[in-house]
Amino acid sequence: MGPRGTGTGPESVPLVAPTPLWYRAPMRVAILSDIHANLEALEAVLREVDRAEVDRVVCLGDVVGYGASPEECCRILMDREIPTLLGNHDAAVTGAMDEGYYYEGARRALQWTREHLSPATYQWLYSLPFCMLEQDVGFFHSAPILPSGFFYVVQVPEAQTHLQVLDRLKPVSFIGHSHLTLAFALGPKKVPLIVLFDTTHGTSSETRGAKWLRIRCSM
Ligand SMILES: [Fe+2]
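Please read these numbers as outputs of a predicted model, since none were measured by experiment.

Trainee: I keep staring at the overall build of the protein and nothing clicks. Help me out?
Mentor: Looking only at helices and strands, one finds six helices and seven strands in the protein. The secondary structure elements of the protein, listed N-terminal to C-terminal, are β-α-β-α-α-α-α-β-β-α-β-β-β. The contacts in the protein between residues at least 6 apart in sequence include a share of 69% that link residues at least 24 apart.

Here it is, written out as structure tokens:
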């Protein structure tokens, strides 16, 4: 009998077992959010993303607003076909949200942005979804309890309201909008267990089985 895996006869044994259908390889996902038309920051982050050779990139929205390069930032996401959500600034620029929500300076930035977008980019922004739901993970710009409401999740009570919809949440929900890095663990069995972390998550007996709301997390 020849070396394992090299023979062609019935006695040969493959070195690598066939992958079972149920097996899902771990995937590395880079999650961007709240670019706010900052081209230099986006390019720097994407350089790191490319260096890290991640499997996927997702953008949680607010590509425009405030910054000086809305068209360029949108173009990069469009060209790379990065799945992107609708942020509140994106919605306001396209007229899908009342500008009364914003203070004067932000409103002027929205108007300026509107005047500096190509028709194709405007259409792309208009077409973006509020959220993306996958098997084990949800992506949102703002509070998952009502994605179109653009509510923040930065305080414990705001996370706590999500106990009402715990059965509809995926095990992990990624949220942008606040420009903060936080994580909340919503306890199983409707227990209002909410734990705040900074940039990393822990797996303690308290949080095992919990559903997570992760706010503006990096890779
Ligand atoms: Fe936002």
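Read on for the rest.
Trainee: Can you help me understand helix H4 (residues 104-115) in this one?
Mentor: One turn of an α-helix holds 3.6 residues; hence residues three or four places apart share an orientation. The terminal C-alpha atoms of H4 lie 17 Å apart, and with 12 residues this matches the ideal 16 Å at 1.5 Å per residue to within 8%. For H4, the full list of buried residues reads Ala-109, Leu-110 and Thr-113. Seen along its axis, H4 keeps its buried residues to an arc of 105°; they face one direction. Turned more than 90 degrees away from the buried face of H4 sit Glu-104, Arg-108 and Glu-115, all of them exposed. Where H4 is buried, its residues meet helix H2 (70-79) and helix H3 (88-93).

Trainee: Got a minute to help me understand the nonpolar core in this structure?
Mentor: Ranked by internal contacts, the top residues of the largest apolar core, which has 34 residues, are Leu-60, Val-63, Cys-73 and Leu-213. Only strand E1 (29-32), strand E2 (56-59), H2, H3, H4, strand E4 (137-140), strand E5 (172-175) and strand E6 (182-186) provide two or more residues apiece to this core. Here this core gets four residues from one element, more than from any other, and that element is E6. Residues from two domains meet in this core; each of domain 1 (28-129) and domain 2 (131-219) gives at least three. In contact with Leu-60, other than residues within four places in its own chain, are Ile-31, Leu-32, Ser-33, Leu-85, Phe-139, Phe-140, His-141, Phe-174 and Gly-176.

Trainee: What is the right way to look at the pairing of E2 in this model?
Mentor: Here is the key point about a regular strand: its side chains alternate between the two faces of the sheet. Burial of the side chains of E2 is restricted to one face: Val-57 and Cys-59 are buried, whereas none of Arg-56 and Val-58 on the reverse face is. Where E1 and E2 come together, four bridges link them in parallel fashion. When the bridges of E2 are listed, Val-29 appears paired with Arg-56. Tracing the backbone out of E1, into helix H1 (residues 39-52) and back to the parallel element E2 gives a crossover that is right-handed.

Thresholds applied
- Residues numbered from 1 in each chain as written.
- Predicted model: local features only at pLDDT ≥ 70, side-chain atom pairs only at ≥ 80, totals over all residues.
- Helix = DSSP H or I, 4+ residues; strand = E, 2+ residues; numbered from the N terminus.
- Contact = placed C-beta atoms within 7 Å.
- Expected span 1.5 Å × (residues − 1).
- Buried ≥ 20, exposed ≤ 12 C-beta atoms within 10 Å, placed from the backbone.
- Arc of directions from axis to C-beta.
- Core = buried A, V, L, I, M, F, W, Y, C linked by C-beta atoms within 7 Å.
- Domains from an automatic or database assignment.
- Pairing = 2+ DSSP bridges.
- Right-handed = clockwise from strand over helix to strand, strands pointing away.

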